[in-house]
Amino acid sequence: MKKILLSVLTLFFVGCNSSSTQQHTNLDGKKLLEQKCSKCHNLDLPPKTSEDEVAPPMMAVAFHVKDFMQVSNESERLPKAKEFVKDYVFNPSASKSLCDKKSLQRYGVMPSQKGNLTQEELAAIAEYIFEHFNVKNLNEAQAIQNRLKKMAPGKRLAIKYGCLSCHKGKKDLVGPAFVKISQKYSLEDIQKSITNGSSAKWGTKAIMPPFKTRIPQQDIATLAKWIKDANSF
Ligand code: HEC
Ligand code: HEC
């Protein structure tokens, strides 16, 4: 279980969620969405909202559009929602908009994006929107956020920078257990080791790469302190 969480968290940080959006096309819907729509729509999951936002967050759009489609059979819902997006982005209007009156007044009707992207690009975006912004992914993202919030900052960084692929708190892995390192060194020395790397000090052939070009000094300090305190592994 721990292992699964770890890899989910790593994925979350690395952000390389290799999406399979390319069902009908080899265009990257995720990238296109960022390029063409993020100027106005917030793309976070869970979404960020603000007083002065100029458009609803994309997650709200996705949920909203899907909910509003009138279908006689649930299997039509997704295809219809995609068709709506493909039409609306090029031909928006107050009468077509599914926003309530108040929101529409607040944002104004979306300007047509004709000329900013091709029909194929829009199709790839529509595919991606509904694949990504759904209840399952929202729940997962929220669960990860909650766990990260509860985590010590040092541990968060250890996940982010891949330390935990070679180290564990209490047991040796590729590298020595953090508790042993904590007992052996001062805070300063731990910081130096992370910065410059290490080899041949622990009776293993494996070496510890230097991190000075990869991790900002401030994060190295936080990591070192977390290892030295050694109470939240
Ligand atoms: C210049 C700002 C702007 C850009 C760029 C933009 N939008 Fe919008 N969009 C809006 C605003 C404002 C609204 C809300 C008013 C409305 O419904 O027209 C909106 C609404 C929508 C809606 C309808 C939601 C509903 O509930 O009716 C969809 C679908 C949509 N946008 C998709 C996109 C996609 C996809 C892109 C990128 C290709 C995009 N938008 C780019 C401003 C923008
Ligand atoms: C590729 C595997 C690997 C990764 C990734 C890794 N380490 Fe290490 N680490 C090691 C090994 C192996 C050693 C023992 C090296 C030796 O024998 O001197 C070590 C030793 C250390 C030491 C003690 C160094 C010394 O001077 O004795 C510290 C502190 C440390 N690691 C922290 C970290 C932190 C923090 C990270 C993440 C930023 C990290 N390590 C990532 C393999 C790794």
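Right above here is the structure, for reference.
Quantities reported herein were computed from a predicted structural model and do not represent experimental measurements.

Calculation criteria
Residues numbered from 1 in each chain as written. Chains lettered and ligands numbered in written order. Predicted model: local features only at pLDDT ≥ 70, side-chain atom pairs only at ≥ 80, totals over all residues. Heavy atoms only, no water. Donors = N, O, S within 2.8 Å, 3.2 Å for Na, K, Ca; no water. Tetrahedral: all angles 85-135°; square planar, octahedral: opposite > 155°, others 65-115°. Helix = DSSP H or I, 4+ residues; strand = E, 2+ residues; numbered from the N terminus. Buried < 20%, exposed > 50% of the residue type's maximum accessible area, 1.4 Å probe, protein only. Near = heavy atom within 4 Å. Polar contact = N/O pair within 3.5 Å; in protein donor to acceptor, adjacent residues only side chain to side chain. Nonpolar A, V, L, I, M, F, W, Y, C, P; charged D, E, K, R; others polar.

Draft legend 1. Layout of the coordination of the iron atom of ligand 2. Within the protein, His167 (NE2) and Met208 (SD) serve as the donor atoms for the iron atom of ligand 2, at 2.0 to 2.2 Å. Geometry at the iron atom of ligand 2 is octahedral, judged from the 6 donor atoms that bind it and their angles of 88 to 179° at the metal. Here His167 is found in the loop between helix 8 (153-160) and helix 9 (178-184), whereas its partner Met208 is found in the loop between helix 10 (187-196) and helix 11 (217-229), with 41 residues between them in sequence. Residue class for Met208 comes out partly exposed when judged on its relative accessible area of 24%.

Draft legend 2. Layout of the site of ligand 2. Neighbouring residues of ligand 2: 26 residues in total, closest Cys163, Cys166, His167, Ser198 and Met208. Within the contact set of ligand 2, an oxygen atom lies 2.7 Å away from a side-chain nitrogen or oxygen of Ser193. Here an oxygen atom of ligand 2 and a side-chain polar atom of Lys201 are 2.8 Å apart. Among the secondary structure elements, those contributing two or more residues to the shell around ligand 2 are helix 9, helix 10 and helix 11. Across the shell around ligand 2, the residue classes break down as 18 nonpolar, 7 polar and 1 charged.

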